[in-house]
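What follows is each chain in one-letter form.
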Amino acid sequence: MNAPDHFPPAAPLPAVLLDALKAGFAERCSTALAVREQHGRDESVFDVPPPQAVVFAASEAEVAHVVALCAAHRVPVIPYGAGSSLEGHLLAVQGGISLDVSRMNRILRVDAEDLTVTVQPGVTRKALNEALRHEGLFFPIDPGADASLGGMAATRASGTNAVRYGTMRDNVLALRFVAASGKVVRTGSRARKSSAGYDLTRLLIGSEGTLGVITELTVKVHPLPEAVSAAVCFFPSIDAAVRTAMQVIQIGVPIARCELLDANAIKAVNAHDKLGLKEAPMLLMEFHGSEAGVAEQAATVQAVAADFGGEAFEWATTPEARTRLWTARHHAYLSGLQMRPGCRAITTDTCVPISRLAENINASIAEVQAAGLPYFIVGHVGDGNFHMAYLLDPVDPAELATAERLSAQMVARALLLEGTCTGEHGIGLHKQGFLVDEAGVEAVAVMRAVKAALDPAGIFNPGKIFAG
């Protein structure tokens, strides 16, 4: 089993805890159903009761206070940022407190000379980039949603720029977090490298809120490129588009973004964003660098695409045209949902070595088409990562079972191809069994030992990552 199939009722909150939270936070501690439901729902298919209370923290000291109170009463704490995760990360499967840090949204320090920025966890990527634009800098991690940086670190997010700029793992230099003791722990520094002790920074990155609550991050930023150009190219098949992307990476073109949308995804974004794009498999690419470098990269990619039947190579060189294309790409998930009104989506992402990507995608398409379930595909194919969204009737258990079977087959194949069960979504609730398949029993036992050492009472986001 790869996900829990039932969630026992949570024990009532201790009255003394709730009284202490209300005394300390007044109206920022809410038990209103609407507020709790907002913090107890994501884009996954799990139906879980909402948290028993929501606390809005405005400072690191307040986070530490909440954690200390919850630790004293052994009550779960679920960190909450923008609520944009996909695998049930924020669901209160054992009840408890949703600790909302979205009000901790200050940019604390910009060190333009060192290309670093220090922020609170509630700062969103769009807000950060808007502030950095005046410095001639940008933060490259772009998962699509306007996620908070604390949440992006907790889920080890990546997205459209990862092929050139890496993931959150590569771009977080230091952080601060509140441990289960209620004490604040500082990890890392603004230095670009260190050999000092265990790498606690990267231990927290990807921990999905199960080891502590991140309260501050220092991240790398990059100069805005001298020239940026985007292009779209259409292909006779998914296979041709994927093999073009593979060739581009293998010959060393430093492409910044290389995104795949299948014909179903194109149809959806056309309807949603009124684009009028050809409804065929498409690569959406972006090039960063000098004027001459961008032109050279683009010419090379255009020649490679032509070898695989790519046609209608179209440029978007103005900021407005580029923004329109990338906004449509970021709307692909919500646009896809509108293809089947009232549906829910199970979205599975896998990542494999780039040489095995075409094999993985082609087999996944054959399986879903044979099953007759509506779907669409988007993918960060420049780094071997793609997303298959199965659109299902939420009241039809047969469709849910079919989608879960297809998802399991896709993940099993990715593991056989020496890939991973998730390139960027994380484990959460949905992929717990797959983690054992991928990492092995002994490795998961080590992970559990780390969890037990740092969170002995199991208060941080319980029920996530590990099955049982």
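## Structural notes on the pattern of salt bridges
Then, in step 1: Tallying each qualifying case throughout the model produces 20 salt bridges.
Then, in step 2: Across the pair R41 and D47 runs a salt bridge whose closest N-O atoms are separated by 2.7 Å.
Then, in step 3: D111 is the partner of R190 in a salt bridge, and the nearest nitrogen-oxygen pair spans 3.6 Å. In this pair, R190 is assigned in the loop between β9 (184-188) and α8 (200-204) and D111 in strand β5 (residues 107-111), connecting sequence segments 79 residues apart.
Then, in step 4: Here R190 falls in the partly exposed class, since its relative accessible area comes to 29%.
Then, in step 5: Via salt bridges that share partners, R109, D111, D114 and R190 belong to a single interconnected network.

## Concerning unusual backbone geometry
Then, in step 1: Here the phi dihedral of A312 falls at roughly 55 degrees; this positive angle occurs in a residue that is not glycine.
Then, in step 2: We note that N461 has phi near 45 degrees; this positive angle belongs to a residue other than glycine.
Then, in step 3: Residue placement: N461 occurs in the segment after α17 (441-454).

## Things to note about the side chain of K464
Then, in step 1: Tracing the backbone shows K464 in the segment after α17.
Then, in step 2: The buried charged residue K464 lacks any salt bridge partner; its closest oppositely charged side chain belongs to E208, at an N-O distance of 7.7 Å.
Then, in step 3: Within the local environment of K464, its side chain forms a polar contact with the backbone oxygen of H89, the two atoms lying 2.8 Å apart.
Then, in step 4: Side chain to side chain, K464 and N461 meet in a polar contact 2.6 Å long.
Then, in step 5: If near-sequence neighbours (up to four positions away) are discounted, K464 is found in contact with G88, H89, L90, L91, V93, T210, G428, L429 and Q432.

## Some points on the state of the cysteines
Then, in step 1: Evaluation of the coordinates by the stated rule reveals zero disulfides.
Then, in step 2: There is no disulfide at C258, and the cysteine sulfur nearest it, in C233, is 10 Å away.
Then, in step 3: Residue C421 stays outside any disulfide, its sulfur separated by 11 Å from that of C351, the closest cysteine.

## Some points on the pairing of strand β17 (residues 375-380)
Then, in step 1: Extensive coverage of β17 is indicated by the burial of six of its six residues.
Then, in step 2: Alternating residues of β17 divide into Y375, I377 and G379 and F376, V378 and H380, and every residue in both groups is buried.
Then, in step 3: Sheet topology note: the β17/strand β18 (residues 385-392) ladder contains six bridges and is antiparallel. Following the sheet pairing, V378 is matched in β18 by H387.
Then, in step 4: Hairpin connection between β17 and β18: a loop of four residues separates the two successive antiparallel strands, and G384 in this loop has a positive phi of roughly 80 degrees.

## A closer look at the packing of helix α1 (residues 15-25) against helix α3 (residues 60-73)
Then, in step 1: Close contact between α1 and α3 brings their axes to 10 Å; oriented N to C, the two are set at 170 degrees. In terms of axis orientation, α1 runs roughly antiparallel to α3. Of α3, the residues touching α1 (which contributes V16, L17, A20, L21 and F25) are E62, H65, V66, L69, C70 and H73.
Then, in step 2: Its residues assigned to classes, the contact of α1 with α3 comprises eight nonpolar, two polar and one charged.

## Some thoughts on the nonpolar core
Then, in step 1: Within the largest apolar cluster, 45 residues are counted, with the highest numbers of intra-cluster contacts made by L260, L283, M285, I361, M388 and Y390.
Then, in step 2: When residues in this core are grouped by element, the largest group, seven residues, is from helix α9 (residues 238-250).
Then, in step 3: What L283 contacts, discounting residues up to four positions off in sequence, is A231, V232, C233, F235, A241, T244, A245, C258, E259, L260 and V381.

## Points about the packing of aromatic side chains
Between two aromatic rings, the relevant description is the distance of the centres plus the angle of the planes.
Then, in step 1: For the coordinates displayed, the defined rule picks out three aromatic pairs.
Then, in step 2: Arranged with centres 5.5 Å apart and planes meeting at 90 degrees, the rings of F138 and Y165 form a pair that is edge-to-face. Taken as a pair, F138 in strand β7 (residues 137-138) and Y165 in helix α6 (residues 162-165) lie far apart in primary sequence, 27 residues in all.
Then, in step 3: Classification of F138 as buried rests on a relative accessible area of 11%.
Then, in step 4: Here the aromatic rings of F287 and W315 are separated by 6.3 Å at their centres, their planes lie at 45 degrees, and the arrangement is tilted. Here F287, found in strand β14 (residues 282-289), pairs with W315, found in strand β15 (residues 311-316); they are 28 residues apart in sequence, far enough to count as distant.
Then, in step 5: The structure contains a cluster of three or more aromatic residues connected by ring pairs, namely F287, F313 and W315.
Then, in step 6: One cation-aromatic arrangement involves R103 over F56; the distance from NZ or CZ to the ring centre is 4.5 Å.

Definitions and cut-offs
In this numbering scheme, every chain counts its residues from 1 along its sequence in written order. Thresholds applied to this predicted model are a pLDDT of at least 70 for local features of residues and 80 or more for the giving and counting of side-chain atom pairs; totals over whole chains, interfaces and linings are not thresholded and use all residues. The basis for the side-chain values is all heavy atoms of the structure; hydrogens and waters are excluded. Put simply, a salt bridge is a Lys or Arg side-chain nitrogen that is within 4 Å of an Asp or Glu carboxyl oxygen. Helix and strand assignments follow DSSP, with helices taken as H or I runs no shorter than four residues and strands as E runs no shorter than two, numbered in order from the N terminus. The cut-offs for exposure are 20% and 50% of the maximum accessible area for each residue type, with area from a 1.4 Å probe on protein chains only; residues under the lower value are buried, those over the upper are exposed, and the others partly exposed. Counting rule for charge: Lys and Arg are taken as positive, Asp and Glu as negative, and neither His nor the chain ends is counted. By the criterion applied in these results, polar contacts are pairs of N or O atoms within 3.5 Å in which, for protein atoms, one can donate a hydrogen and the other can accept it, and in which residues neighboring in sequence qualify only through two side-chain atoms. Any two residues whose heavy atoms approach within 4.5 Å are treated as being in contact. Any cysteine sulfur atom paired with another within 2.5 Å is treated as part of a disulfide. Paired strands, in this sense, are two strands between which DSSP finds at least two bridges. A fitted line through C-alpha atoms represents every axis, and for helices the fit uses only the stretch in contact; the resulting angles, taken between N-to-C directions, go from 0 to 180 degrees. Under this scheme an angle from 65 to 115 degrees is roughly perpendicular, one under 35 degrees roughly parallel, and one over 145 degrees roughly antiparallel; angles in between are oblique. Each residue is assigned to one of three groups, with Ala, Val, Leu, Ile, Met, Phe, Trp, Tyr, Cys and Pro labelled nonpolar, Asp, Glu, Lys and Arg labelled charged, and all others, Gly among them, labelled polar. Only buried residues count toward a nonpolar core. Its members are Ala, Val, Leu, Ile, Met, Phe, Trp, Tyr and Cys residues joined through side-chain atoms within 4.5 Å. Two rings from Phe, Tyr or Trp (for Trp, the six-membered ring) form a pair when their centres sit within 6.5 Å of each other. Planes less than 30 degrees apart are called stacked, planes more than 60 degrees apart edge-to-face, and all others tilted. Geometrically, a charge over a ring is one whose NZ (Lys) or CZ (Arg) sits within 6 Å of the ring centre while staying within 35 degrees of the ring normal.

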